[in-house]
Every structure is written in structure tokens, then in C-alpha cells.
Amino acid sequence: MKKASLYLIPNTLGSEDAGKVLPSYNTQIIKGIKHFIVESRKEAVRFLVRTDKSIVIEDLTFYELNEHTDLKTIGNYLDPIIKEKVPMGIISDAGCPAIADPGAAVVEMAQKKNIDVVPLVGPSSIIMSVMASGFNGQSFAFNGYLPVKPNERVSKLHQLENKVYKENQTQLFIEAPYRNLKMLESITQSLRKDTLLCIAAGITTDQEYIHTHTIAEWKKIPEPPIHKLPAIFLIYHQ
């Protein structure tokens, strides 16, 4: 492994079997790192123990970086790399660091300081959902969370749908898992009947659910089992 580098370490997407979705090479890298920037210490510890039970958690140092962190306070997070010349790792709660993840702020900082950034291979729900949807994989856009207020949400949905038809571009977005069914209701009530919707939920887990139907078809089938499952919604056209 490269010394004094920042490693972007993918987490699983909920699968309890790290070996199912992560290469063994990642484990070797992880075992050589003592300093981790994490979204939450608890989830990072769970992931590390699941990856290799021989890892001694007490020997590690964790720096939390999440939506509650004041970015003005993270200026010294890369000190182990800069001052001690040792590698560090970033671990998200799920999926790939810096993709829809607070870790992007540290990667930006590392690039500005000319620190080597090394992305490791791992699962991305964004990419995997596009792969399985049957939609345009050459032009797609991830839009994060849509507005919570009903009127603003409907307006945003119409905006994304217009992009689908005008630019031939797949549009992706997410919702808090406990509001998935409410999001589905908003989609089916707002979009054209022939617009395609793919729901990709619980990717890589035993509850995995990935299905594509028109809006008209979604209205006729039973409610999908996506309540409280991490999900990505994708829209496209026929």
C-alpha cells in the first residue's frame, strides 16, 4: 500500500457478508490503517469487525464526519498523513465514500494539499441501480433528496421528467427509507402514465427488490416491500 495516502474504503450496502461485495484486497489495505475518518464510529466499527475479526479496535483512531459536523473543525483531520506520513481511510455508513456522502469534504481537502487519494473497489447503489434498471446508462444524473414539501416535490418531479424526455437522460433520486412509500405515491400521482419508474431497494441484501414498470403499471400492482429499505428511484421513458 502507498504510505501517506488517503484510502476511500467502500462499505457494504447492508449485506452482513462483506466478502460477498468487497474484494479481499480491501481487507489487506484496511489492516494497514490506524486512522479512519468515518460517518459514524459505531457503524465503522461494525464494518471493520465484519471485515476482519482480528482487527483491534482499541488500536484505532476515529474522526467523525457527518451532516452534524462543522466543516470548519476538520482542518486537522489529515494530520496523520501530513505530519506522521501514515495512511488514512474514509469509511461511509454505506456504499462508497464521497458519493452522496460527507467524506467528499475531506477528499476535496486532500486534493488541495496534493495528498494521494486512492479509491478502492466496492458497491455503489447508484451505479448498480442504473445497471439493473434497463434505462440509459450513458447519460444519467443523481439528484439526491427531493423537496419534502408536497408542492415543491411535485414541481421537482415534473422538472426531472421533462429532462428525461428532452435530454434522453435517466434521472435518479432518493428518499429517507421510512418515506419510500410516500415518495412512490407522489411519483405515481404526478408523472405521465407511460413514464418508466424503476425502484431499486435493499441492493445486495436478502431483501433486494429491483423492478421497472410504467407509472400506469405501478398503480395496478401490489404495494412493493420497500418500507424502511434504502432505495433509489429512477425515471426514464419508453
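Residues numbered from 1 in each chain as written. Predicted model: local features only at pLDDT ≥ 70, side-chain atom pairs only at ≥ 80, totals over all residues. Heavy atoms only, no water.

Draft legend 1. Broad picture of the sheet that holds strand β7 (residues 170–174). Spatial ordering of the open sheet is given by β6-β7-β10-β8-β9, a layout of five strands whose pairing is mixed. A strand with exactly one partner marks an edge of an open sheet, and here the two such strands are β6 (140–145) and β9 (209–214). Adjacent strand axes in the sheet meet at a mean angle of 20 degrees, parallel and antiparallel pairs treated alike. Here helix α6 (residues 125–133) sits on the sheet and contacts β6, β7, β8 (196–201), β9 and β10 (231–236); the angle it forms with β10, its principal contact strand, is near 45 degrees. Where helix α8 (residues 180–190) meets the sheet, its contacts fall on β7, β8 and β10, and the angle it forms with β10 comes to roughly 10 degrees. (Pairing = 2+ DSSP bridges. Helix = DSSP H or I, 4+ residues; strand = E, 2+ residues; numbered from the N terminus. Axes fitted to C-alpha atoms, helices over the stretch in contact; angles between N-to-C directions. Contact = heavy atoms within 4.5 Å.)

Draft legend 2. Fine view of the sheet that holds strand β3 (residues 61–64). Taking strand neighbours across the sheet as the criterion, the five strands line up as β3-β2-β4-β1-β5 in an open arrangement whose pairing is parallel. The sheet terminates laterally at β3 and β5 (116–119), the two strands that pair on one side only. In this sheet, neighbouring strand axes are inclined to one another by 25 degrees on average, regardless of whether the strands run parallel or antiparallel. The pairing of strand β2 (residues 35–38) with strand β4 (residues 88–91) spans four bridges and is parallel.

Draft legend 3. The arrangement of the environment of L172 in detail. Mapped onto the elements, L172 comes out in strand β7. What makes L172 buried here is its relative accessible area of 0%. For the pair L172 and L197, spaced 25 residues apart in sequence, the C-alpha separation works out to 9.9 Å. When near neighbours in sequence (up to four residues on either side) are disregarded, L172 contacts I126, S129, V130, F140, A141, F142, N143, G144, I232, F233 and L234. (Buried < 20%, exposed > 50% of the residue type's maximum accessible area, 1.4 Å probe, protein only.)

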